[in-house]
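Summary of the model geometry
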Amino acid sequence: MERGRIKRGCFVLMAVLGLALLIPHVLIQRTRVHGDSMLPTMQEGDTLLIDKLTYRFRRPKRFEIVVFPYQYRENTYYIKRIIGLPGETIRIEDGVIYINGSALQEHFGNARIREAGLAGKEMTLGRDEYFVLGDNRNFSLDSREPSVGNVKAKEIVGRAAFCLFPLERFGVLK
């Protein structure tokens, strides 16, 4: 009888340790915001939870906030909002974002875009590419910049889903 309890205890301990190791690598990850590129949605120092599971079952959607690595600096990740989806044509002209020739109706950008960057000329996204922008459009390194460019689906770590801290912004990110 005692031997069975020990086996069950070892099994439970192994299961708990397995989950503790699995959760940060597969399900969720905690991160902190550095910089002002996502103002007013996120601010310097905000602590977020990244949902790493959703995109294993579906593709990212327009206006979701995603996390991806910056290719030129190890252990550096960018947090940006998806604006353009695979196969769409993107252009920014006179501060307005056009998708497939129609002006994008959105309320996330907090100012008229001054620099179109790469999107000053019409660009068509590949079948696995996303065009991302920071909400603070005039102070963001994003898909308009050659050093960032379009983000491939396989590069997306996950979706910024929840703000843990500070408590006044505690809740689901939109």
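Above this text you will find the structure in question.
This section reports on the structure supplied with the text. Counting from 1, residues in each chain are numbered in the order their sequence is written. Local features in a predicted model are, by the rule used here, given only for residues with pLDDT of at least 70; side-chain atom pairs are given and counted only at 80 or more, and totals for whole chains, interfaces and linings are based on all residues. Excluding hydrogens and water, the side-chain values take into account all heavy atoms of the structure.

What follows is about the overall build of the protein. Put simply, DSSP H or I for four residues or longer makes a helix, DSSP E for two residues or longer makes a strand, and each gets a number counted from the N terminus. When its secondary structure is counted, the protein shows 1 helix and 12 strands. Reading the helices (α) and strands (β) of the protein from amino to carboxyl end gives α-β-β-β-β-β-β-β-β-β-β-β-β. Partly exposed residues are those whose accessible area sits between 20% and 50% of the maximum for their type, while under 20% is buried and over 50% is exposed, using a 1.4 Å probe and protein chains only. The 174 residues of the protein split such that 40% are buried. By definition, residues are in contact when any of their heavy atoms lie within 4.5 Å. Restricting the contact set of the protein to residue pairs at least 6 apart, pairs at least 24 apart contribute 62%. Accessible surface, the protein as shown: approximately 10,700 Å² in total, 56% of it carbon and sulfur. Accessible surface is estimated by sampling points in the Shrake-Rupley manner with a 1.4 Å probe; for residues, cover comes only from the protein chains shown.

Exposure above 30% relative accessible area and no salt bridge define the residues that can form patches, which grow by joining like charges within 9 Å and nonpolar side chains of Val, Leu, Ile, Met, Phe, Trp and Tyr within 5 Å. What counts as a salt bridge is simple: a side-chain nitrogen of Lys or Arg found within 4 Å of a carboxyl oxygen of Asp or Glu. A contiguous nonpolar surface patch, about 360 Å² in accessible area, is contributed by Phe-165, Leu-167 and Phe-170. Inspection of the secondary structure puts Leu-167 in the loop between β11 (158–165) and β12 (171–172). Since its relative accessible area comes to 64%, Leu-167 is described here as exposed.

Residue position: Leu-104 is located in the loop between β7 (102–103) and β8 (123–124). Residue class for Leu-104 comes out buried when judged on its relative accessible area of 18%. Not counting the four nearest positions on each side in its chain, Leu-104 is found in contact with Arg-62, Phe-63, Ile-83, Ile-97 and Ile-99.

Ring pairs are drawn from Phe, Tyr and Trp, using the six-membered ring of Trp, whenever the two centres fall within 6.5 Å, and their geometry is named by plane angle: stacked under 30 degrees, edge-to-face over 60, tilted for the rest. According to the stated counting rule, one finds 4 aromatic pairs in the structure shown. Judged by centre distance (6.0 Å) and plane angle (75°), the rings of Phe-68 and Tyr-78 are edge-to-face. Linking Phe-68 in strand β3 (residues 65–69) with Tyr-78 in strand β4 (residues 77–84), this pair joins segments that are 10 residues apart in sequence. Assessed through its relative accessible area of 3%, Phe-68 is described here as buried. Two conditions define a charge located above a ring, namely a distance within 6 Å from the ring centre to NZ of Lys or CZ of Arg, and an angle within 35 degrees of the ring normal. Just above the ring of Phe-108 sits the side chain of Arg-81; from NZ or CZ to the centre is 3.6 Å. Taking NZ or CZ as reference, Arg-91 lies 4.6 Å from the ring centre of Tyr-98, over its face.

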